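Spelled out, the chains give:
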Amino acid sequence: MSQVYKELLSFTTKHSDLEMERIKVATYFGRVLLSHRWEEAETLLHDIQDKVVYELNGLGGIAKLRSFCEVTRDAGYGWAWMGTCCIDKKTNTEIQESVNSMFVWYRHSALTIVYLCDVPPSSRPGALARSVWNKQGWTFQEFVAPKAVVFYQKDWSLYLGDRSFNHKESPAIMKELEDATGIDARSLVTFCPGMNSAREKLQWASKRVTTLQEDIAYSLFGIFGITLPVIYGERRKRALGRLLQEIVARSGDITVLDWIGQPSDFNSCLPAHITSYTTPPRILPSFSTDQIHTQVSLLRKTVPTELALKFYDKLEQLRAPRFANCRLHLPCISFRVTEVRRRRGLAQETLITYSIKADGLQDLLITTEETLVQFSRAKPIRQAFLLVRPWDRYLLGVPDFTDQADFADDMESIGDWTDPGSPMDDSDELPSGSSISEEPDLRALRLMVRLGQRFDAFLLAQRRVGEYKRIASDHNIIAQIKDIDSVDNMDVGTVEIL
């Protein structure tokens, strides 16, 4: 038992000013964590176990560890934590706990020190933005999780000479990080883990890299507030597939399925690489409130109220998307493809363009690496193809009362969390023209108007009876209904996708 500990214990038992002593105790036991780019000669647990850090000699990892401990001590703290040497990587149980707890550990740190090994002393503004630290997978959560962060340069001098306790409060430094990471400064400072804005968080992580391929997924567990088994050796596609599967299953957020690139062997509706989320989700134009009122008035003349209500009820009964045994059960509106023809003269090196016709939809083009069987009504084939609109319950025009604050700790109140809104819309309001108290027939007609607008579609090819595979395209497939009056021809249900 150290002398400092004995003094703290004596204070708490003999002195009446317990609040002051509580602060002293909290400071003494507060942990300072290090965020850094791992280099070749890092210090491991067996290098320092049962040894005094300040008595160790050496360069590389030893020098970094010793400097980190000195900075921690000078800041008034007695405990320092560094991932390279504070985790026993020979113990699977400890690895499991560390990966799944990492975000919480950084969130509860008294201070997080960021060491920039590639930023030389006396660097000018902009050096932080160019650091490779911004590109590492694990450093994403290591920065957004802590409340207080301080940046140090290669020689362990303060970045830009900023002596403030928390560099997250520096507008200049936050602007650098915003430009470097593509994450707005407000989110960098007040980041809330969980399922909110899942597609945006995937975009933020899409350009980061990790040494171990599975870590591209494991480093995001804390970002989404989830706990999953850590299985090194399972390879990147399966690790990423398990993460994305869990996000969809828990949140019902279909924007996770909005990506451009190669499909995964895990499931064809998921990407093989996180880089497929680099492109921001496409936001299609929507009607204004006045336009919706006009369209509703026109529909009243052509669509029987009973038909609109029946269609609304059918969509309202659809369940959220779910995964089971790597199979996606996707609620959607399906349109049977009646013709696939290859467009001559539009082929690229590896991509082929096809014209597609489907019942109830306007004709469209898709470009894909896959070779599709050509057919038409005159020359049909047994294999079925579908164009589907993944179902978004937000289109019903009713509020979502689900508590999305699924990751809170004792330092955060429920008031810190904002309404996640629609997974398909970055607006904080209900769809244009909606009202919680509006009549059922009006709500049903508004839904039909929204369904009449352009939407992102998936092309599915049948594999076995009742099972489909998504055909990946090199761009979003934008479809539109020919005649919204013919809702009785739309097939509403759940499709199983491999």
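Values in this document were obtained by computation on a predicted structure and should not be read as measured data.

Even after reading the chapter, I still don't get the overall build of the protein chain, so can you show me in this structure?
Counting secondary structure elements, the protein chain contains 16 helices and 13 strands. Summed over its atoms, the accessible surface of the protein chain is roughly 24,900 Å², and 50% of this surface lies on carbon and sulfur atoms.

Please explain the nonpolar core as it appears in this structure.
Taken as a class, soluble globular proteins show a tendency for nonpolar side chains to be buried jointly. One finds Phe143, Phe151, Leu177, Leu220, Phe224, Leu243 and Leu257 to be the most contacted residues of the largest nonpolar core, which totals 71 residues. Once residues lying within four places of it in the same chain are set aside, the contact partners of phenylalanine 143 are Trp133, Val149, Phe151, Lys168, Met174, Leu177 and Leu188. In this structure, Ile352, Tyr354, Leu364 and Ala479 belong to the second largest nonpolar core, which totals 45 residues.

How should the packing of aromatic side chains be read in this particular structure?
The geometry of two aromatic rings is summed up by the distance between their centres and the angle between their planes. Within the structure shown, the criterion is met by 13 aromatic pairs. Between phenylalanine 143 and phenylalanine 151, the ring centres sit 5.8 Å apart and the planes meet at 35°, which makes this aromatic pair tilted. Judged by centre distance (6.0 Å) and plane angle (45°), the ring pair of tyrosine 152 and tryptophan 156 falls under tilted. Of the two residues examined, tyrosine 152 and tryptophan 156, each falls in the buried class. Linked through ring pairs, Trp81, Trp105 and Tyr106 together constitute an aromatic cluster. Over the ring of phenylalanine 458 we find arginine 470; its NZ or CZ atom is 3.8 Å from the centre of that ring.

Got a minute to help me understand unusual backbone geometry in this structure?
Leaving glycine aside, a negative phi is the common case for residues, and trans is the common case for peptide bonds. One non-glycine residue with positive phi stands out, namely serine 197, at about 50°. As for its placement among the helices and strands, serine 197 is situated in the loop between α10 (185-189) and α11 (198-205). Here the phi dihedral of asparagine 325 falls at roughly 55°; this positive angle occurs in a residue that is not glycine. Structurally, asparagine 325 can be placed in the loop between β5 (322-324) and β6 (327-342).

Just to check I follow, could you spell out the pattern of salt bridges for this structure?
Opposite charge on two side chains lets them pair, provided their charged atoms get close. A complete count under the given rule lists 15 salt bridges for this structure. One salt bridge in this structure joins glutamate 234 and arginine 238, with 3.8 Å as the shortest N-O distance. Here arginine 238 falls in the partly exposed class, since its relative accessible area comes to 40%. With a shortest N-O distance of 3.7 Å, aspartate 441 and arginine 300 are connected by a salt bridge. Placement of aspartate 441 in helix α16 (residues 440-451) and of arginine 300 in helix α14 (residues 289-302) is noted, with a sequence separation of 141 residues between them. Note on arginine 300: relative accessible area 44%, which makes it partly exposed. Through salt bridges with shared partners, a single ionic network connects Arg327, Arg464, Glu467 and Glu496.

In this structure, what is going on with the confidence of the model for the protein chain? I would like to understand it.
This prediction gives the protein chain a mean pLDDT of 87; 86% of its residues lie at or above 70. Note that residues 403-429 has pLDDT below 50 and, in this model, 46 contacts with residues that lie over four places away or in other chains.

I'm lost on the sheet that holds strand β3 (residues 111-115) in this one. Help?
Backbone-to-backbone hydrogen bonds join strands into a sheet, with any given pair of strands oriented parallel or antiparallel. The parallel open sheet is built from 4 strands, whose spatial order is β2-β1-β3-β4. Taken across any chain shown, the strands that pair with only one partner, and hence form the sheet edges, are β2 (79-81) and β4 (149-152). If you compare each strand with its neighbour and ignore which way they point, the axes differ by 25° on average. As defined by bridge partners, strand β1 (residues 31-36) adjoins β2 across 3 bridges and the pair is classed as parallel. Paired with valine 32 across the bridge in β2 is alanine 80.

Can you help me understand the environment of glutamate 40 in this one?
Relative to the helices and strands, glutamate 40 resides in the loop between β1 and α3 (45-48). Along the chain, glutamate 40 and glycine 60 lie 20 residues apart, while their C-alpha atoms are 8.2 Å from each other.

Explanation requested: the packing of α14 against α16 in the structure shown.
The description of two helices packed together rests on the angle between their axes and the distance between the axes. Following both chains from N to C, one finds α14 and α16 inclined at 105°, their axes separated by 9 Å at the closest point. Viewed along their axes, α14 and α16 adopt a mutual orientation that is roughly perpendicular. Contacts from Ile292, His293, Gln295, Val296, Leu299 and Arg300 in α14 reach Asp441, Leu442, Leu445, Arg446, Met448 and Val449 in α16. Taken together, the residues of the contact of α14 with α16 sort by class into 7 nonpolar, 2 polar and 3 charged.

Please clarify how the side chain of serine 268 should be interpreted in this entry.
With respect to the element layout, serine 268 can be found in the loop between α13 (236-251) and α14. For serine 268, a relative accessible area of 5% translates into the label buried. Engagement of the side chain of serine 268 in a polar contact is seen with the backbone nitrogen of arginine 470, the distance being 2.9 Å. A polar atom in the side chain of serine 268 sits 2.6 Å from the backbone oxygen of leucine 498. In this structure, serine 268 is in contact with Trp259, Pro263, Lys469, Arg470, Ile497 and Leu498, ignoring residues within four places of it in sequence.

Looking at this structure, how should I read the packing of helix α15 (residues 305-316) against α16?
Where α15 contacts α16, the two axes come as close as 9 Å, and the packing angle between them is 75°. For the element pair α15 / α16, the angle class is roughly perpendicular. Residues Thr305, Ala308, Leu309, Phe311, Tyr312 and Leu315 of α15 form the contact with α16, whose own contacting residues are Pro440, Asp441, Arg443, Ala444, Leu445, Leu447, Met448 and Leu451. Tallied by class, the residues present in the contact of α15 with α16 amount to 11 nonpolar, 1 polar and 2 charged.

Would you mind showing me how to read the environment of alanine 80 here?
Structurally, the position occupied by alanine 80 is in strand β2. With residues up to four places along the chain from it excluded, the contact list for alanine 80 reads Val32, Phe68, Cys69, Thr72 and Cys86.

Would you explain the side chain of arginine 208 in this entry?
For arginine 208, the location among the structural elements is in the loop between α11 and α12 (215-218). Put simply, arginine 208 is tucked away with no salt bridge, and the nearest opposite charge, on glutamate 142, sits 8.3 Å away. From its side chain, arginine 208 meets the backbone oxygen of asparagine 134 in a polar contact 3.1 Å long.

Explain the environment of valine 373 to me, please; I cannot follow it from the model alone.
Locating valine 373 in the fold gives a position in the loop between β8 (364-368) and β9 (385-390). Note: C-alpha distance between valine 373 and glutamine 383 (10 residues apart in sequence) is 8.9 Å. Excluding residues that lie within four positions of it along the chain, valine 373 makes contacts with Val340, Ile381 and Gln383.

The rules behind these values
Residues numbered from 1 in each chain as written. Predicted model: local features only at pLDDT ≥ 70, side-chain atom pairs only at ≥ 80, totals over all residues. Heavy atoms only, no water. Helix = DSSP H or I, 4+ residues; strand = E, 2+ residues; numbered from the N terminus. Areas by Shrake-Rupley, 256 points an atom, 1.4 Å probe, with all protein chains shown as cover. Core = buried A, V, L, I, M, F, W, Y, C linked by side-chain atoms within 4.5 Å. Buried < 20%, exposed > 50% of the residue type's maximum accessible area, 1.4 Å probe, protein only. Contact = heavy atoms within 4.5 Å. Phe/Tyr/Trp six-rings, centres within 6.5 Å; stacked < 30°, edge-to-face > 60°. Lys NZ or Arg CZ within 6 Å of the ring centre and 35° of its normal. Salt bridge = Lys/Arg side-chain N within 4 Å of Asp/Glu carboxyl O. pLDDT = per-residue confidence, 0-100. Pairing = 2+ DSSP bridges. Axes fitted to C-alpha atoms, helices over the stretch in contact; angles between N-to-C directions. Parallel < 35°, antiparallel > 145°, perpendicular 65-115°, else oblique. Nonpolar A, V, L, I, M, F, W, Y, C, P; charged D, E, K, R; others polar. Polar contact = N/O pair within 3.5 Å; in protein donor to acceptor, adjacent residues only side chain to side chain. Lys, Arg positive; Asp, Glu negative; His and termini not counted.

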